[in-house]
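Single-letter residue listing:
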Amino acid sequence: MAIQPIRLFGDPVLRTPADPVKDFDKELRKLVKDLTDTMMDAPGAGLAAPQIGVGLRVFTYYVDDQLGHLINPNLDLSDEADEEGEEGCLSFPGLSFPTPRALRAVATGFNMHGEPVTLEGTDLMARCFQHETDHLDGVLFIDRMDTKQRKLAMKAIREADWSGLSAPAVKFSPHATHGKAL
Ligand SMILES: [Zn+2]
């Protein structure tokens, strides 16, 4: 096990676009293992490399008992959307908010051995692929919310006990995300 500390909102690494993987080597396989171990320990439904401070285009997922990873992902999204689904993020502990996402996603990329992979997801799996690929672009789920929802989210974030955005004044009671944070 090689569980890594998860970077929280406010850490600049979460706003830095990650680089494509070029070398499918031992180091990459260790990164996939670290991501997997850290995600399962959290527990979470997905984790992207920047969330453990690594600027490479790699994420892992654990949705509907399916465990996997994807490298250098590309997404093809459905027009049909899920506007109301709740979404959490391991970099925003204890918080989840309605976040609009495409209902279906086809993700293409590579596995850690450099072999091409195509993954199809609906609902939470599709949401996960979108959320994690966003992380690789330095995009966070708060960016996907409408203005009103983002304001509510930012207020909850400022009040969260892990937040460095303001002095801790209000004790916030997080509602559980049931291991579905991404
Ligand atoms: Zn996340």
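This report concerns the structure included in the present document. (Residues numbered from 1 in each chain as written. Predicted model: local features only at pLDDT ≥ 70, side-chain atom pairs only at ≥ 80, totals over all residues. Heavy atoms only, no water.)

Some details on unusual backbone geometry
For step 1, the next point in the chain: That bond from Ala42 to Pro43 is cis: its omega, -15 degrees, falls within 30 degrees of zero.
For step 2, the next point in the chain: By the element assignment, Pro43 lies in the loop between helix H1 (26–41) and strand S1 (46–48).
For step 3, the next point in the chain: Of note in this structure, Asp123 is not a glycine but carries a positive phi near 50 degrees.
For step 4, the next point in the chain: Take Asp123: it is sitting in helix H2 (residues 123–136).
For step 5, the next point in the chain: The class for Asp123 is partly exposed, based on a relative accessible area of 47%. (Helix = DSSP H or I, 4+ residues; strand = E, 2+ residues; numbered from the N terminus. Buried < 20%, exposed > 50% of the residue type's maximum accessible area, 1.4 Å probe, protein only.)

A look at the pairing of strand S3 (residues 66–77)
For step 1, the next point in the chain: Where strand S2 (residues 58–63) meets S3, six bridges bridge the pair, whose relative direction is antiparallel. Residue pairing in the sheet places Phe59 in a bridge with Leu70 of S3.
For step 2, the next point in the chain: Here S3 runs beside strand S8 (residues 104–110); their pairing, made up of five bridges, is antiparallel. The residue bridging Leu77 from the neighbouring strand is Ala105, located in S8. (Pairing = 2+ DSSP bridges.)

Notes on the environment of Ala81
For step 1, the next point in the chain: Locating Ala81 in the fold gives a position in strand S4 (residues 81–82).
For step 2, the next point in the chain: Taking the C-alpha atoms as reference, Ala81 lies 33 Å from Pro5; in sequence the two are 76 residues apart.
For step 3, the next point in the chain: Look past the residues within four positions of Ala81 in its chain and what remains in contact with it is Arg101, Ala102 and Leu103. (Contact = heavy atoms within 4.5 Å.)

Side note on a nonpolar patch on the surface
For step 1, the next point in the chain: Taken together, the side chains of Met40, Tyr62 and Leu67 define a hydrophobic patch exposed on the protein surface, amounting to about 260 Å² of accessible area.
For step 2, the next point in the chain: Under the relative-accessibility criterion, Met40 is labelled partly exposed at 35%. (Patch = residues over 30% accessible without salt bridge, like charges linked within 9 Å, V, L, I, M, F, W, Y side chains within 5 Å. Areas by Shrake-Rupley, 256 points an atom, 1.4 Å probe, with all protein chains shown as cover. Salt bridge = Lys/Arg side-chain N within 4 Å of Asp/Glu carboxyl O.)

A look at the coordination of the zinc ion
For step 1, the next point in the chain: Surrounding the zinc ion are the protein donor atoms Cys89 (SG), His131 (NE2), His135 (NE2) and Leu182 (O), at 2.0 to 2.7 Å.
For step 2, the next point in the chain: For the zinc ion, the four donor atoms in the first shell make angles of 89 to 131 degrees at the metal, a pattern classed as tetrahedral.
For step 3, the next point in the chain: Sequence positions of the donors to the zinc ion reduce to the motif C-x41-H-x3-H-x46-L. With Cys89 in the loop between strand S5 (86–88) and strand S6 (96–98) and His131 in helix H2, this pair connects stretches of sequence that are 42 residues apart. The same class applies to Cys89 as to His131, namely buried. (Donors = N, O, S within 2.8 Å, 3.2 Å for Na, K, Ca; no water. Tetrahedral: all angles 85-135°; square planar, octahedral: opposite > 155°, others 65-115°.)

Some remarks on H1
For step 1, the next point in the chain: Under the 1.5 Å per step criterion, the end-to-end length of H1 is 22 Å for 16 residues, consistent within 8% with the ideal 22 Å.
For step 2, the next point in the chain: Listing the buried residues of H1 in full gives Leu28, Leu31, Val32, Asp34, Leu35, Thr36, Asp37, Thr38 and Met39.
For step 3, the next point in the chain: Buried residues in H1 make contact with S1, S2 and S3. (Expected span 1.5 Å × (residues − 1).)

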